[in-house]
Amino acid sequence: MDLPEQEAADLLRLRAAMAQARLAEEAGEVPVGAVVVHSGQIIATGQNRVLRDHDPTAHAEVVALRAAGLALENYRLEDCSLYATLEPCAMCAGAILHARIERLVYAAADPKAGAAGSVLSVINHPQLNHTLQVHSGLLADECGALLRDFFRRRR
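Source: prediction; values computed, not measured.

Rules used throughout
- Residues numbered from 1 in each chain as written.
- Predicted model: local features only at pLDDT ≥ 70, side-chain atom pairs only at ≥ 80, totals over all residues.
- Heavy atoms only, no water.
- Helix = DSSP H or I, 4+ residues; strand = E, 2+ residues; numbered from the N terminus.
- Rg over C-alpha atoms; globule rule 2.2 N^0.38 Å.
- Buried < 20%, exposed > 50% of the residue type's maximum accessible area, 1.4 Å probe, protein only.
- Contact = heavy atoms within 4.5 Å.
- Areas by Shrake-Rupley, 256 points an atom, 1.4 Å probe, with all protein chains shown as cover.
- Lys, Arg positive; Asp, Glu negative; His and termini not counted.
- Charge placed at Lys NZ, Arg CZ, Asp CG, Glu CD.
- Pairing = 2+ DSSP bridges.
- Axes fitted to C-alpha atoms, helices over the stretch in contact; angles between N-to-C directions.
- Core = buried A, V, L, I, M, F, W, Y, C linked by side-chain atoms within 4.5 Å.

Asks: Please provide a residue-by-residue account of the overall build of the protein chain, values included.
Replies: Within the protein chain one finds five helices and five strands. Across the protein chain, helices and strands are ordered from the amino to the carboxyl terminus as α-β-β-α-α-β-α-β-β-α. Here the protein chain has a C-alpha radius of gyration of 14 Å; the compact-globule value for 155 residues is 15 Å, and the two agree. Principal-axis analysis of the C-alpha atoms places the extent of the protein chain at approximately 40 × 35 × 30 Å. The 155 residues of the protein chain split such that 45% are buried. Looking at the protein chain alone, contacts between residues at least 24 apart form 56% of all its contacts between residues at least 6 apart. Surface summary for the protein chain: the accessible area is close to 8100 Å², and the carbon and sulfur share equals 53%. Here the protein chain carries 15 positive and 19 negative side-chain charges, and the mean point of each set is 7 Å from the other.

Shown next, in the form of structure tokens:
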């Protein structure tokens, strides 16, 4: 896939993740969404569910990874890409690595808990045995605004 095609596909998938983030917000959750893509198709979606599920691990990325594992009947997601509206935290970064995700695309950096380089560098740490492609910044302003507006309304 050439660069303009890849960027168009990335935009489409990040918008699908944003739709999940909006659904999370409607449910009173922090608006973060994620999707997993395999063979060019979205096979799993996730949104923050920590409050609804009473589960501190129910971040959008983990929810999407769990659904993708079920869809593929495999805990290894080697030929999959994960799209997220926010840079993964350390927990989610660990899950992404253990799942062997091939490519991570996230929109907004997380200057408080990001583990793909903003605060921590869990993703592609040189001492770990799995590396993946990482792309960020696409739709960052929109996804960042979604989060800022959510927290502004809560204050």
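Asks: Kindly report on the sheet that holds strand β3 (residues 80-86), identifying the contributing residues and their values.
Replies: Read from one edge of the open sheet, five strands run β2-β1-β3-β4-β5, paired in mixed fashion. Unpaired on one side and paired on the other, β2 (41-47) and β5 (133-136) mark the two borders of the sheet. Put simply, the sheet's adjacent strands are angled 15° from each other on average, direction ignored. Examined bridge by bridge, strand β4 (residues 103-108) and β5 share four bridges and lie parallel to one another. Bridging from a neighbouring strand, Tyr-106 pairs with Ser-136 of β5.

Asks: Account for helix α4 (residues 90-99), naming residues and giving values.
Replies: Three or more residues of α4 are buried, namely Cys-92, Ala-93, Gly-94, Ile-96, Leu-97 and Ala-99. Turning to α4, the residues buried within the fold contact α3 (60-72), β3 and β4. Where α4 terminates, the next one or two residues include Arg-100, which has phi positive at roughly 65°.

Asks: Explain the pairing of β2 residue by residue, including any values.
Replies: Across six bridges, strand β1 (residues 33-38) lies against β2 in antiparallel orientation. Counted as the bridge partner of Ala-34 is Gly-46 from β2. Hairpin connection from β1 to β2: two residues lie between these consecutive antiparallel strands, with Ser-39 at a positive phi of about 55°.

Asks: Explain the nonpolar core residue by residue, including any values.
Replies: Grouped together as the largest cluster of nonpolar side chains are 35 residues, with contacts concentrated most on Val-36, Leu-82, Ile-96 and Ile-101. Only α1 (3-26), β1, α3, β3, α4, β4 and α5 (140-154) provide two or more residues apiece to this core. Dropping the residues within four chain positions of it, Leu-82 is found in contact with Ala-34, Val-35, Val-36, Glu-61, Ala-64, Ile-96, Ile-101, Arg-103, Leu-104 and Val-105.

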